[in-house]
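Here's the letter readout for the chains.
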Amino acid sequence: MRTSHFPRHLWPLSTHFYRRRLFLDSHDLTVLGRRLGTPVYLYDAATIDHAIAAYRHGLGVWPGPGLITYASKAWLSRPLAHLLARRGLGLDVASQGELEIASRGGFDAGLLHVHGNNKRVELLQRAAEAGVGAIVVDNLYELSLLERLNPPAPVALWLRINPDLLAPTHAYRQTGHHGSKFGMAVEEALAAARRIAAIPHLRLTGLHVHIGSQIFELDPLAASIDRLIELAVRIEQEGLGTIEALSPGGGLGTPYTPADPAVPLHRLAARLCAHAAESWQRQHGGPHPTLILEPGRSLIARSGVALYTVGAIRVLSDGSRIIAVDGGMSDNIRPALYGARYTAVLARDPLGDAIGPAKIVGPLCESGDYLIEQVHLPEVRPGDVLIIPVSGAYHLSMASNYNGVLRPAVFLHQRGRILPMQRRETLDDLMRRDVFAVN
Ligand code: LLP
């Protein structure tokens, strides 16, 4: 296989070949895997910057101000928060935990937007006291909690609408259809806007919609933007507030395997923003609010790779192999949860001719513990380092200690250096919450 056949768009920008081995900048990934220990996650800063630039390019099409806010549920740590804050991004947080990591990672409260369909009153209180950029009101019950708060200053609110649109993605990732737990129908949102207008410590400043995740077709996203702007017009016509922020959520798809659509991110982002501009002009026509894009996966997924070490290999009677590695559904539950597909390469021979299909499985006590149902690989031996690309989003943030497994270490590659971001979990970490009151 020639390097021209290698699906570069699935790999971090700093990945390249040297003597047919896979490198991240000057780092041989086999050597790195052995030195750092596996399973280990590596992020590439240049690839994150590339995705940020793609979104900035997209926002350039919007005639008003724009802001990229990273959906931190894709993965967050204080070092990552620090990196993103330095690049001028905002952050979507959906729990007190994420709010705390973001603040301690260096985010200005004003750049934080608080999401969630059942926010705890403690979170609302803390967010109001911190002076977050916006609390995104999901439902009327939450509004009643907000009405009862006693904040030091008026709280900026956005309304999350449910546009009743079915996103073309896995059912677990659809969030904008009738029957979804997220957001308010348009009439409900209008009722919320009327209530907010009557409360001095609350201020309606924006509208939000997010119909789902891993979406490659723009039409449903465009339709959700149209509904958002339609509501903005009605709210302003009724004199209930001025919409300063328009947030059509995240959700742009990321290719995981060569079979997935490979439209460049800057093009998708530009087409989305062009639609928002056209829709605003057509339906509203007034001064442009800030357009707030909220990517999670598409900002971070490609920048991350997961390195595993091969252990047991079973050869089945049909010649196919079951290759067990040292990580699995405890660090990547996506295959088990959504049937998500991945590809993998052998770090020491990424371009080698395949000898046949293999299933990549983990070490956990469950048959659903697999990482790849089928991948074609060359000869693999115990001790080899196997790499799975597009591992940056929704792996570590959904990781668990199932079977008492320790969560992986995380490093960042930046300008040739490999910097730690999160150490590997230890056995002591695992015991930390146990309380000995029983006898
Ligand atoms: N905004 C809101 C309000 C969200 O709930 C999400 C993701 C995003 C933005 C970012 O969406 P993205 O750009 O990442 O598609 N665990 C699933 C994905 C769940 C997405 C949850 N919400 C997966 O691994 O596919």
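Please read these numbers as outputs of a predicted model, since none were measured by experiment. Along each chain, the written sequence defines residue order, and numbers are assigned to residues from 1. Restriction of local features to residues with pLDDT of at least 70 applies here, the model being predicted, together with a cutoff of 80 or more for giving and counting side-chain atom pairs; totals for whole chains, interfaces and linings are based on all residues. To obtain the side-chain values, all non-hydrogen atoms of the structure were included, while hydrogens and water were left out.

**Re the pattern of salt bridges**
Every case where a carboxyl oxygen of Asp or Glu lies within 4 Å of a side-chain nitrogen of Lys or Arg is listed as a salt bridge. Counting across every chain of the model gives 18 salt bridges. Put simply, R348 and D384 hold a salt bridge, and the shortest N to O gap is 2.7 Å. In this pair, R348 is assigned in the loop between β15 (345–346) and β16 (356–361) and D384 in the loop between β17 (370–377) and β18 (385–388), connecting sequence segments 36 residues apart. Of the residues examined, D384 reaches a relative accessible area of 4% and is grouped as buried. Here R432 ties to D429 by a salt bridge, and the two come within 3.3 Å at their closest N and O atoms. Judged by its relative accessible area of 59%, R432 is exposed. In this structure, a network of salt bridges that share partners links the residues E100, R104 and R126. Numbering of helices and strands starts at the N terminus; helices are DSSP runs of H or I of at least 4 residues and strands are runs of E of at least 2. Using a 1.4 Å probe on the protein chains alone, a residue whose accessible area is under 20% of its type maximum counts as buried, one over 50% counts as exposed, and one in between counts as partly exposed.

**Thoughts on the domain arrangement of the protein chain**
Entries for the protein chain in the domain assignment read domain 1 (8–36 + 304–391 + 395–426) and domain 2 (46–300). For the domain bounds, the source is a domain assignment made automatically or taken from a database. Each of domain 1 and domain 2 has a C-alpha centre, and these two points are 33 Å apart. Here, residues are in contact when the closest pair of their heavy atoms is within 4.5 Å. Counting residues at the interface gives 20 residues for domain 1, matched by 22 residues for domain 2. Take the accessible area each of two parts loses on contact, using a 1.4 Å probe, and add the two losses: that sum is the buried area. Summed over both sides, the interface of domain 1 with domain 2 buries roughly 1800 Å², with 64% coming from carbon and sulfur. When the buried area of domain 1 at its contact with domain 2 is split by residue, L13, Y338 and M421 rank highest and sum to 28% of it. Scanning the region where domain 1 abuts domain 2 turns up 0 salt bridges. When residues of the side of domain 1 that touches domain 2 are traced back to their parent elements, those giving at least two are α11 (334–338), β19 (409–414) and β20 (417–422). Each residue gets one label: Ala, Val, Leu, Ile, Met, Phe, Trp, Tyr, Cys and Pro are nonpolar, Asp, Glu, Lys and Arg are charged, and the others, such as Gly, are polar. Of the residues contributing to the side of domain 1 that touches domain 2, the split by class is 11 nonpolar, 7 polar and 2 charged.

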